[in-house]
Amino acid sequence: MTTEPAPVSAPSQDDRTPAGTKYADAARAHLWGHFTRQSTYEPTSAGGAGGNVPIIVRGDGAHIFDDRGRKYIDGLAGLFTVQVGHGRRELAEAAAKQAEQLAYFPLWSYATPPAIELAERLSAQAPGDLNRVFFTTGGGEAVESAWKLAKQYFKLTGKPGKHKVISRAVAYHGTPQGALSITGIPFAKAPFEPLVPGAFKVPNTNIYRADESLRDDPKHFGRWAADRIAEAIEFEGPETVAAVFLEPVQNSGGCFPPPPGYFDRVREICDEYDVLLVSDEVICAFGRIGSMFASTDFGYEPDIITCAKGLTSGYSPLGAMIATDRLFEPFQGGDTVFAHGYTFGGHPVSAAVAMANLDIFDREHLNDHVKHEAPNFRATLEKLLDLPIVGDVRGEGFFYGIELVKDKETRETFDDDEAERLLHDFVSPALWEAGIYCRADDRGDPVIQLSPPLIIGQTEFDDIEQRLRGVLTEAWKRL
């Protein structure tokens, strides 16, 4: 399947950088891609594949356009980020207006009106008494901040031994050294070890891969998974465990939603052992599941929320750690300081963009839109279950994973070599050729992930399903 030419002017392959270099050549020579196999773009004489880095030049609504003038549906919202869609002029104008007035000032013992306004707005929207907002520039920094806060809080309240954290297998929580320790993906951690000590893993909520005795009873499975957290706390010693870090819907591994009763039980466990519950909502917040914060969707009140991405819809970098009044209390008196911060945390331009972004949410009722359309999105994607290669379709809101299998009856998955050939050699390039940008992920069992802008509806759902169907049908033929 090929895509239609973009009905707009776009840079051609011959366009050059100010230094006179073709963009493809300059990218190959100087740009170090994030999480990128650089060999894909190295010249064949150097042992690489010799391909060109895809260059994205424009976005409009739910679509992106490359430097060849081709149009793609953005099935991943950039990186789980562009909630309100591409090309929102008012967000660019909000940034320009703020930059003209005050382009930058730090929050180190000072404040700016945009940061104050945004902190107030987030506090009003967060559940319970999460009223204290510590700004970062991204999600990994927010997770890092949360672990540091948990450690210092317990030192200040007479429990200095509480420093360890519990998180889930295959979960991704960021790339800073602390956040990477909390991450449960072994191959992502191995090149950087030794990491920060004190991070321990428990089973995730992938019921599709659960023991057969647990698969048919989601509530029983949820209780089983939550109780593994209590077991880990007991094993490590409650006097040493500071926090549990959980995503409302786990991203890595392919969108694992929480079983019924899971978070109710986790909250009970955390209260019983005086352990902080951190809801890592870097992906799930700001309408991705439905509400502004996904903890609201699943009915639990965490002690800390970490968030980023959809806060500005990606139009400017910004993240936040939102904490309860209880956690802030030890810092209110005397000379106590949370000795932590970032040069660009709470940047006034980013905060102004976030306010304008949340205005769009309110004006266009995006949260209600997601809640209304989520069942239709699920139903459309579940049509793919008639394909022999599709084993499971799972997720919530506008956040889904499609697991690929060798055998639907036995749920047999692919070995490493097979997954390499399936995902990297065929599915990923075929999806791009078919005009859809999404993620083919092998950090657990092979999955395709979808997290489109929140503005789409049935027309785009059908478009996504048809493009996926064509690629997956061909993938099965090639097995």
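Use the structure listed above.
Residues numbered from 1 in each chain as written. Predicted model: local features only at pLDDT ≥ 70, side-chain atom pairs only at ≥ 80, totals over all residues. Heavy atoms only, no water.

**Student:** Explain unusual backbone geometry to me, using residue names and the numbers behind them.
**Tutor:** Residue Pro-194 is reached from Glu-193 by a cis peptide bond, and omega for that bond is 5°. Mapped onto the secondary structure, Pro-194 falls in the loop between α7 (186-189) and β6 (199-202). One non-glycine residue with positive phi stands out, namely Val-170, at about 70°. Inspection of the secondary structure puts Val-170 in the loop between β5 (164-168) and α6 (177-182). In this structure, Arg-411 is a non-glycine residue whose phi angle is positive, near 65°. (Helix = DSSP H or I, 4+ residues; strand = E, 2+ residues; numbered from the N terminus.)

**Student:** Describe the pairing of strand β8 (residues 276-280), listing the residues and the values that go with them.
**Tutor:** The buried count for β8 comes to 5 of 5 residues, which makes it a mostly enclosed element. Both faces of β8 are covered, namely the face carrying Leu-276, Val-278 and Asp-280 and the face carrying Leu-277 and Ser-279. In this structure, strand β7 (residues 241-246) lies alongside β8, joined through 4 bridges in parallel fashion. Across the sheet, the residue bridging to Leu-246 is Ser-279, located in β8. Here β8 runs beside strand β9 (residues 304-307); their pairing, made up of 3 bridges, is parallel. The residue of β9 that forms the bridge with Asp-280 is Thr-306. (Buried < 20%, exposed > 50% of the residue type's maximum accessible area, 1.4 Å probe, protein only. Pairing = 2+ DSSP bridges.)

**Student:** Give me the sheet that holds β5: which residues, what numbers.
**Tutor:** Across the sheet, 7 strands lie side by side as β4-β10-β9-β8-β7-β5-β6; this open sheet has mixed pairing. A single partner strand is all that each edge strand has here, and the edge strands are β4 (130-136) and β6. For this sheet, the mean inter-axis angle between neighbouring strands, taken without regard to orientation, is 20°. (Axes fitted to C-alpha atoms, helices over the stretch in contact; angles between N-to-C directions.)

**Student:** Lay out the packing of helix α15 (residues 416-433) against helix α16 (residues 458-478) in plain terms, naming residues and giving numbers.
**Tutor:** For the pair α15 and α16, the least separation of the axes is 10 Å and the interaxial angle reads 150°. By the angle between their axes, α15 is roughly antiparallel relative to α16. Taken as a pair, α15 and α16 cross one another with a handedness that is right-handed. On the side of α15, the interface is formed by Leu-422, Phe-426, Val-427, Ala-430 and Leu-431, while α16 contributes Leu-468, Val-471, Glu-474, Ala-475 and Arg-478. Residue composition of the contact of α15 with α16, by class: 8 nonpolar, no polar and 2 charged. (Parallel < 35°, antiparallel > 145°, perpendicular 65-115°, else oblique. Left-handed = near helix turned anticlockwise from the far one by under 90°. Contact = heavy atoms within 4.5 Å. Nonpolar A, V, L, I, M, F, W, Y, C, P; charged D, E, K, R; others polar.)

**Student:** Can you explain the state of the cysteines? Please cite residues and give values.
**Tutor:** Tallied over the entire structure, the rule returns 0 disulfides. Not part of a disulfide, Cys-270 finds its nearest cysteine sulfur in Cys-284, a span of 17 Å. In this structure Cys-270 comes out as buried when scored by relative accessible area, which is 1%. This cysteine, Cys-284, is not joined by any disulfide, and Cys-255 carries the nearest cysteine sulfur, 8.3 Å off. Residue class for Cys-284 comes out buried when judged on its relative accessible area of 1%. (Disulfide = S-S within 2.5 Å.)

**Student:** Can you explain the environment of Pro-317? Please cite residues and give values.
**Tutor:** With respect to the element layout, Pro-317 can be found in the loop between β9 and β10 (319-324). The spacing of Pro-317 and Gly-139 is 178 residues in sequence and 9.8 Å in space, taken between C-alpha atoms. When sequence neighbours within four positions are dropped, the list of residues in contact with Pro-317 reads Thr-137 and Ser-350.

**Student:** Kindly report on the pattern of salt bridges, identifying the contributing residues and their values.
**Tutor:** This model, assessed by the stated rule, comprises 30 salt bridges. Between Arg-121 and Asp-359 there is a salt bridge, and its shortest N-O distance comes to 2.9 Å. Of this pair, Arg-121 sits in helix α4 (residues 113-125) while Asp-359 sits in helix α13 (residues 348-364); the two residues are 238 residues apart in sequence, bridging distant segments of the chain. Here Arg-267 makes a salt bridge to Asp-271, at a shortest N to O gap of 2.9 Å. Highlighted residues: Arg-267 and Asp-271, both in helix α10 (residues 262-273), separated by 4 residues, approximately one helical turn. Note on Arg-267: relative accessible area 15%, which makes it buried. (Salt bridge = Lys/Arg side-chain N within 4 Å of Asp/Glu carboxyl O.)

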